[in-house]
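Here's the letter readout for the chains.
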Amino acid sequence: MFETINAAPEDSILGLTEAFQKDPSPKKINLGVGVYKNGSGQTPVLATVKEAEQRLLRSEATKSYLPIDGLASYGELSQQIVFGSDHTILRAGRATTVQTPGGTGALRVAADFVRRISPQAAVWLSDPTWPNHPNVFGSAALQVQSYPYFEPDSNGVAFERMISALETIPAGDVLLLHGCCHNPTGADLSPEQWQAVAAICAKRGILPLLDFAYQGFGDGLEEDATGVRTVADHCREFIVATSYSKNFGLYNERVGALTLVASSADAAEAANSHLKICVRTNYSNPPAHGGQIVAEILGDPDLRQRWEVELAEMRNRINDMRHLFVETLDQQGAGRDFSFIARQRGMFSYSGLTPAQVQALRERHSVYIVGSGRINVAGMTEANMEYLCAAIADVLK
């Protein structure tokens, strides 16, 4: 039967990385894949991660399975970093967490859970959104719909159109929201806009699902949690998918968490039993190493403080690159106002480049950008900035 299979289309982002790796140009630049890079163009291992690993290696006594829902301490600490250590939800026992293989694993468990308890529910995604979102929910046999989010003319949130669309979503449907650092646009909701969105969810009986992959990469750990905590103030039920790939640099460890908040502790416990079935029938139980690293760092006050310093350094570098990018484009005579990029947050921004311009960048200058024009700001460095901006100025002529 395999002889009849046609090759599937390659992933738009991972395929771009493969093409980049084959490019012989010494000046090639990859702004496609969503991975943080330091000023030397490398994805570093954080010093606190190294220390946590050394501690774990010294104390490790077994390679036995973790429980289906993962390390208990990992779940508790994940809830605390999302909500704050003394949130009323945590005191009431209304939250339950399962450890997952990355943020994508968390989203898939959420998708399977929704399909299990409410198979007729549709999942509403922002337009645009992370390209893998519709694939994850579609693969769980859920209906996928979209709502307006980005306004190209202002390079910001199309909030009025977004609100109008949310007012039409039926009760019981799922609304996926980017907790911060919207991927792919970098355009986030303001605190006031979060209030309005959360109020609509509560009023209409919509279930919020927050993809919280970049906490700490926008304005800070606490500041970036504004959206999630605003939803918590308005909604009795919601779900949060957390990733530690970015803020801990644990990309290849696949470390994530899915936290479900219910109206009571009993309801949370009942929901947890179904989450564990979703895990058991998918990957059985989570890998240990990455979760142990996160728990070790978050559970030790000294390590956590030092990790927050490292996180701030990564965040500040990204924001510095945003400003330098805007300034250098102007110096190179790009002839277009790119100031919006300095106002956006996280690793990504929509550049406004057309598919033809993206193709020209790749063919003429070995600069690799996703076809939509999304750029990974973290892939920029002081060393490659002038070449990058000159290349963009060239294709804009």
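The present account deals with the structure reproduced in this document.

Conventions used here
Residues numbered from 1 in each chain as written. Predicted model: local features only at pLDDT ≥ 70, side-chain atom pairs only at ≥ 80, totals over all residues. Heavy atoms only, no water. Helix = DSSP H or I, 4+ residues; strand = E, 2+ residues; numbered from the N terminus. Rg over C-alpha atoms; globule rule 2.2 N^0.38 Å. Buried < 20%, exposed > 50% of the residue type's maximum accessible area, 1.4 Å probe, protein only. Contact = heavy atoms within 4.5 Å. Areas by Shrake-Rupley, 256 points an atom, 1.4 Å probe, with all protein chains shown as cover. Lys, Arg positive; Asp, Glu negative; His and termini not counted. Charge placed at Lys NZ, Arg CZ, Asp CG, Glu CD. Pairing = 2+ DSSP bridges. Core = buried A, V, L, I, M, F, W, Y, C linked by side-chain atoms within 4.5 Å. Expected span 1.5 Å × (residues − 1). Polar contact = N/O pair within 3.5 Å; in protein donor to acceptor, adjacent residues only side chain to side chain. Phe/Tyr/Trp six-rings, centres within 6.5 Å; stacked < 30°, edge-to-face > 60°. Lys NZ or Arg CZ within 6 Å of the ring centre and 35° of its normal.

1. Comments concerning the overall build of the chain
For the chain, the count of helices and strands is 16 helices and 13 strands. A compact globule built from 397 residues would reach a C-alpha radius of gyration of about 21 Å, and the chain, at 21 Å, matches this within 12%. For the chain, with 397 residues in total, the buried portion stands at 55%. Contacts in the chain between residues far apart in sequence, at least 24 positions, make up 74% of those at least 6 positions apart. Per element, the accessible surface of the chain, about 17,400 Å² overall, is 49% carbon and sulfur. Distance from the positive charge centre (34 side chains) to the negative charge centre (44 side chains) of the chain: 3 Å.

2. Thoughts on the pairing of strand β8 (residues 207-212)
Along β8, six of the six residues are buried, which leaves the element largely enclosed by surrounding structure. Residues of β8 alternate between two faces, with Leu207, Leu209 and Asp211 on one and Pro208, Leu210 and Phe212 on the opposite face, all of them buried. Note: strand β7 (residues 174-178) against β8, five bridges, orientation parallel. Its bridge partner being in β8, valine 174 is matched across the sheet by leucine 207.

3. Concerning the nonpolar core
Counting residues in hydrophobic clusters, the biggest one holds 106 residues, and the most contacted among them are Met162, Leu175, Val197, Phe238 and Phe325. Element by element, the count of residues in this core is highest for helix α13 (residues 301-331), at nine residues. With residues near it in sequence (within four places) discarded, valine 197 still touches Phe159, Met162, Ile163, Leu166, Leu175, Leu177 and Leu189. With 29 residues, the next largest nonpolar core counts Leu107, Ala111, Leu258 and Ala268 among its residues.

4. What about the pairing of strand β9 (residues 238-243)?
Of all six residues in β9, six are buried, a share of seventy percent or more. The two faces of β9 match: Phe238, Val240 and Thr242 on one face and Ile239, Ala241 and Ser243 on the other face are all buried. The sheet contact formed by β8 and β9 spans four bridges and is parallel. Residue pairing across strands places leucine 209 opposite isoleucine 239, the latter belonging to β9. Pairing between β9 and strand β10 (residues 255-261): six bridges, direction antiparallel. The residue of β10 that forms the bridge with alanine 241 is leucine 258.

5. Looking at the environment of proline 208
Assignment of secondary structure puts proline 208 in strand β8. Sequence separation of proline 208 and alanine 378 is 170 residues, and the distance between their C-alpha atoms is 29 Å. Non-local contacts of proline 208, meaning those with residues more than four positions away in its chain, are made with Leu175, Cys201, Val231, Cys235, Glu237, Phe238 and Ile239.

6. Notes on α13
Taking 1.5 Å per residue as the helical rise, α13 with its 31 residues ought to reach 45 Å, and the 45 Å between its terminal C-alpha atoms agrees with that figure. Where α13 begins, the side chain of aspartate 300 points an oxygen toward the backbone nitrogen of aspartate 302, at a separation of 3.0 Å. Positive phi appears at glycine 333, one or two residues downstream of α13, with a value of about 75°.

7. Some details on the packing of aromatic side chains
Across all of its chains, the model carries nine aromatic pairs by this definition. Between phenylalanine 248 and tryptophan 307, the ring centres sit 4.3 Å apart and the planes meet at 15°, which makes this aromatic pair stacked. Of the two residues, phenylalanine 248 sits in the loop between β9 and β10 while tryptophan 307 sits in helix α13, which places them 59 residues apart along the sequence. The same class applies to phenylalanine 248 and to tryptophan 307, which are both buried. Among the aromatic residues, those joined into a ring-pair cluster are Tyr74, Tyr244, Phe248 and Trp307. In this structure, lysine 28 is placed above the aromatic ring of phenylalanine 20, and the distance from its NZ or CZ to the ring centre is 4.7 Å.

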